[in-house]
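Understanding the architecture of this molecule
Each chain, letter by letter, is given below.
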Amino acid sequence: RWLPALRRRCGIVGRRLTGPGLAVEGRVLRAVLYVYHSRLFRHRPYLGLQQVEQCLKRLWKMNLVGCIQTLAELIPKKTTSQAHAECLVPSQPMLETVALKVLGGCKLILRLLDCCCKAFLLSVQHLCLEEFILLNTVASGLLSRLWFVIQYRCVLHSLIFLYDMLATALHLVSETQQMPYIKGFTFPSDIRNFLGVNVSSEVKKQKARMLTAKKPTSWMKKFFPTKPEAASDLGKTRNSATCTSAVKQRRIPCPADVGEPVL
């Protein structure tokens, strides 16, 4: 009975991990790090971006998606309705390997969310100090989108539900035929205790920290004035024809969200 449910859960996790959001944000992050490496390799928000990129790289290199897809292919698509019929099931070594990868993936995603939150707060802090405005604006929008993509697509919760089903399957298969593959490690019955944090409360805490961060309104009002008279005053202080024309162009209303993705 649990085979079709396990197959469906593997497909859900695979689709959420291979969605366009994570891949696109990862490519943008690598491009930003490449452009600013020679100038800002000691800048704190830049170092925070490097930690986020390192977590993403490790997540892809562990081949979690490929391992889950292999497990889904081993589960037969057609199931019989007979009570005592025989059917092919994944072996205990295969289930142990996928379960171990899922545990590591959950730990990595928790670390990724924490790094995104810390790097976002650093970017906002340096925006308030009016340092490297372009980089920190791009970084804050990128990090908030990456954090939101992971949360919106429920990647972490999907992996937790998948592990619960894997633990049940592993218990049933090991009772039928003992073939332990990973020795010296006891698979936890409850992954939430293994992670060591309450996932929902931790995510809410990170979201509250990001939403209550000090907004750099001073420099935004200075560079993006909303009133025409403020724009004219800014043009006089700059004493430049180029800056004056740029200020006139800024009178056109623009989207309020700086980090909104553009197609």
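The chain is annotated in an unreviewed UniProt entry as NEPRO protein from Rhynochetos jubatus.

1. Digging into the side chain of R9
The residue R9 is located in helix 1 (residues 2-17) in this model. Of the side chains bearing the opposite charge, D164 lies closest to the buried R9, which forms no salt bridge; the N-O distance is 8.8 Å. When neighbours within four sequence positions are excluded, R9 is seen to be in contact with S158, F161, L162 and M165.

2. Brief notes about the pattern of salt bridges
In this structure the tally under the stated criterion is 6 salt bridges. Here R145 and E25 are joined by a salt bridge, their closest N and O atoms 3.2 Å apart. Remark: E25 occurs in helix 2 (residues 20-35) and R145 occurs in helix 7 (residues 133-152); sequence separation between them is 120 residues. A salt bridge links R111 to D114, with the nearest nitrogen and oxygen atoms 3.9 Å apart.

3. Remarks on the packing of helix 2 against helix 4 (residues 44-61)
Helix 4 packs onto helix 2 with a crossing angle of 135° between their chain directions and a minimal axis gap of 10 Å. Compared by their axis directions, helix 2 and helix 4 come out oblique. The crossing of helix 2 and helix 4 is left-handed. Residues L22, G26, L29, R30, V32 and L33 of helix 2 pack against Y46, L49, Q50, V52, E53, L56 and W60 of helix 4.

4. As for the environment of L6
Along the chain, L6 falls in helix 1. For the pair L6 and F161, spaced 155 residues apart in sequence, the C-alpha separation works out to 9.9 Å.

5. Details of the packing of aromatic side chains
With the rule as written, the count across this model stands at 0 aromatic pairs. A cation over an aromatic ring shows up here: K107 above the ring of F194, its NZ or CZ 5.3 Å from the ring centre.

6. Topic: the environment of L112
Here L112 is to be found in helix 6 (residues 92-128). A sequence separation of 38 residues divides L112 from I150, and the C-alpha atoms of the two residues are 9.5 Å apart.

7. Some points on the packing of helix 5 (residues 64-74) against helix 6
Two quantities define a packed helix pair, namely the angle between the axes and the distance from one axis to the other. The contact between helix 5 and helix 6 brings their axes to 10 Å, and the two run at 145°. Along this stretch, helix 5 crosses helix 6, giving a crossing that reads as left-handed. Taken together, the residues of helix 6 that come into contact with helix 5 (itself represented by L64, C67, I68, T70, L71 and L74) are M94, L95, T97, V98, K101, V102 and G105. Across the contact of helix 5 with helix 6, the residue classes tally to 9 nonpolar, 3 polar and 1 charged.

What counts as what
- Residues numbered from 1 in each chain as written.
- Predicted model: local features only at pLDDT ≥ 70, side-chain atom pairs only at ≥ 80, totals over all residues.
- Heavy atoms only, no water.
- Helix = DSSP H or I, 4+ residues; strand = E, 2+ residues; numbered from the N terminus.
- Buried < 20%, exposed > 50% of the residue type's maximum accessible area, 1.4 Å probe, protein only.
- Lys, Arg positive; Asp, Glu negative; His and termini not counted.
- Salt bridge = Lys/Arg side-chain N within 4 Å of Asp/Glu carboxyl O.
- Contact = heavy atoms within 4.5 Å.
- Axes fitted to C-alpha atoms, helices over the stretch in contact; angles between N-to-C directions.
- Parallel < 35°, antiparallel > 145°, perpendicular 65-115°, else oblique.
- Left-handed = near helix turned anticlockwise from the far one by under 90°.
- Phe/Tyr/Trp six-rings, centres within 6.5 Å; stacked < 30°, edge-to-face > 60°.
- Lys NZ or Arg CZ within 6 Å of the ring centre and 35° of its normal.
- Nonpolar A, V, L, I, M, F, W, Y, C, P; charged D, E, K, R; others polar.

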